[in-house]
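Structural overview
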Amino acid sequence: MASTARGAPLPERSGALVEDPQFQEILQRSRSLTQKILLSIADTHKSCVHSQTLQLTSSENTKLATMASTIGIPPAPLLRAVSENFTLESGLRAMHDGLQLHHGLLSSISPRLKVKEKVVALMADVRDLKVQVVKMEKMTQTSVAVPPTSASVELRLPGDYEVQVAAHLTLVQLQTFSQDVARCLRSLDRSNDDENES
């Protein structure tokens, strides 16, 4: 028996906005870009991380937290499904900040990589998704906009191993963050509502 996961009902203003066809169109583009990012992370990792001990889906990744701190990789913002306790605006801001963070991390790492084509392509997709999120943010603004966070990230990368670890950890974190983005966007998607009601 199949069932559809549904998010909590949205507050009235957010609910009306989410129902807007223009918002849904941007949301669909965002979902598509998020899937593209998720699908390209494994190939990007393979192209730029050559250490056998650094595997994208390894349970050992959590043991690299100290290394992430030493290199200077900040954690991604917390992203949850929209609810009474986590507004649409908060969710979009967290998406924007997380995408900006990961774009900045990839920008800091890519000049130090020997093979960077896939990283550059991934950066373009992250940037494009951030543009879509900004469009949704603009539709939600009812008050003074929060100034954007800085995009520059200073990493401590004295050698090739640190560059490899930084690329690895950034891609692992981007994968997890993108999965959260996908879940959040899916909870806002109203295109399946008509099919479920028939």
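You'll find the structure just up there.
The following paragraphs examine the structure supplied in this document.

Rules used throughout
Residues numbered from 1 in each chain as written. Predicted model: local features only at pLDDT ≥ 70, side-chain atom pairs only at ≥ 80, totals over all residues. Heavy atoms only, no water. Helix = DSSP H or I, 4+ residues; strand = E, 2+ residues; numbered from the N terminus. Buried < 20%, exposed > 50% of the residue type's maximum accessible area, 1.4 Å probe, protein only. Contact = heavy atoms within 4.5 Å. Areas by Shrake-Rupley, 256 points an atom, 1.4 Å probe, with all protein chains shown as cover. Core = buried A, V, L, I, M, F, W, Y, C linked by side-chain atoms within 4.5 Å. Axes fitted to C-alpha atoms, helices over the stretch in contact; angles between N-to-C directions. Parallel < 35°, antiparallel > 145°, perpendicular 65-115°, else oblique. Left-handed = near helix turned anticlockwise from the far one by under 90°. Nonpolar A, V, L, I, M, F, W, Y, C, P; charged D, E, K, R; others polar. Salt bridge = Lys/Arg side-chain N within 4 Å of Asp/Glu carboxyl O. Polar contact = N/O pair within 3.5 Å; in protein donor to acceptor, adjacent residues only side chain to side chain. Expected span 1.5 Å × (residues − 1). Bend = angle between axes of the 7 residues up to and from the residue.

Quick look at the overall build of the chain now. A tally of helices and strands in the chain yields seven helices and zero strands. Sequence-ordered secondary structure for the chain, helices as α and strands as β, is α-α-α-α-α-α-α. Considering the chain as a whole, with its 198 residues, one finds that 46% of them fall into the buried category. For the chain, contacts bridging at least 24 residues in sequence account for 86% of all contacts bridging at least 6. With an accessible surface of roughly 10,800 Å², the chain has 54% of that area assigned to carbon and sulfur atoms.

Counting residues in hydrophobic clusters, the biggest one holds 52 residues, and the most contacted among them are Ile73, Leu79, Leu88, Met95, Leu122, Met136 and Leu155. Elements that contribute at least two residues to this core include exactly helix 1 (12–19), helix 2 (21–48), helix 3 (65–71), helix 4 (88–109), helix 5 (117–140) and helix 6 (160–188). Among the elements that make up this core, the one with the highest residue count is helix 6 (13 residues). Excluding anything up to four places from it in sequence, Leu155 contacts Ile71, Gly72, Ile73, Leu105, Ser108 and Ile109.

With that settled, consider the packing of helix 4 against helix 6. Helix-helix packing is described using two parameters, namely the angle between the two axes and the distance between the axes. Contact pair helix 4 / helix 6: the axes reach a minimum separation of 10 Å and the direction vectors enclose 160°. Viewed along their axes, helix 4 and helix 6 adopt a mutual orientation that is roughly antiparallel. Between helix 4 and helix 6 lies a crossing whose hand is left-handed. Between helix 4 and helix 6, the residues in contact are Leu88, Ala94, Met95, Gly98, Leu99, Leu101, His102, Leu105, Leu106 and Ile109 and Val163, Ala166, Ala167, Thr170, Leu171, Gln173, Leu174, Phe177, Val181, Cys184, Leu185 and Leu188, respectively. Class assignment of the residues belonging to the contact of helix 4 with helix 6 gives a composition of 18 nonpolar, four polar and no charged.

With that settled, consider the pattern of salt bridges. Enumeration over the complete set of coordinates arrives at 10 salt bridges. The partner of Arg93 in a salt bridge is Asp97, and the shortest N-O contact between them spans 3.1 Å. Taken together, the residues Arg93 and Asp97, both in helix 4 and four residues apart, mark about one turn of the helix. A salt bridge links Arg183 to Asp180; its shortest N-O distance comes to 2.5 Å. On the criterion of helical spacing, the pair formed by Arg183 and Asp180 is a turn pair, its members being three residues apart in helix 6.

What follows concerns the environment of Arg190. Position of Arg190 relative to the elements: it lies in the loop between helix 6 and helix 7 (193–197). Sequence spacing of Arg190 and Gln24 is 166 residues, and the spatial spacing of their C-alpha atoms is 7.2 Å. Among the polar contacts listed, one links the side chain of Arg190 to the side chain of Glu19, at a separation of 3.2 Å.

We now examine helix 2. Taking 1.5 Å per residue as the helical rise, helix 2 with its 28 residues ought to reach 40 Å, and the 40 Å between its terminal C-alpha atoms agrees with that figure. Taken as a whole, helix 2 carries its principal kink of about 35° at Ile41.

With 22 residues, helix 4 should cover 32 Å at 1.5 Å per step; its first-to-last C-alpha distance of 32 Å lies within 8% of that length. Along helix 4, 17 of the 22 residues are buried, which leaves the element largely enclosed by surrounding structure.

This next bit is on the side chain of Gln175. Inspection of the secondary structure puts Gln175 in helix 6. The residues contacting Gln175, other than those within four sequence positions of it, are Leu38, Ile41 and Leu56.

With respect to the helices and strands, the residue Ala94 is situated in helix 4. Ala94 gets classed as buried once you look at its relative accessible area, which sits at 7%. Not counting residues up to four positions away in its chain, the partners in contact with Ala94 are Pro77, Leu78, Leu79, Phe86 and Phe177.

This part takes up the packing of helix 4 against helix 5. Two elements in contact, helix 4 and helix 5, have axes separated by 9 Å at closest approach and are oriented at 155°. With respect to each other, helix 4 and helix 5 are oriented roughly antiparallel. You can see that helix 4 and helix 5 cross each other, and the crossing is left-handed. Here Leu88, Glu89, Leu92, Arg93, Met95, His96, Leu99, Gln100, His103, Leu106 and Ser107 of helix 4 come into contact with helix 5, specifically with Val119, Leu122, Met123, Val126, Arg127, Leu129, Lys130, Val133, Val134, Met136, Glu137 and Thr140. Within the contact of helix 4 with helix 5, the residues separate by chemical class into 13 nonpolar, five polar and five charged.

Function cannot be inferred from these measures alone, as they are strictly geometric.
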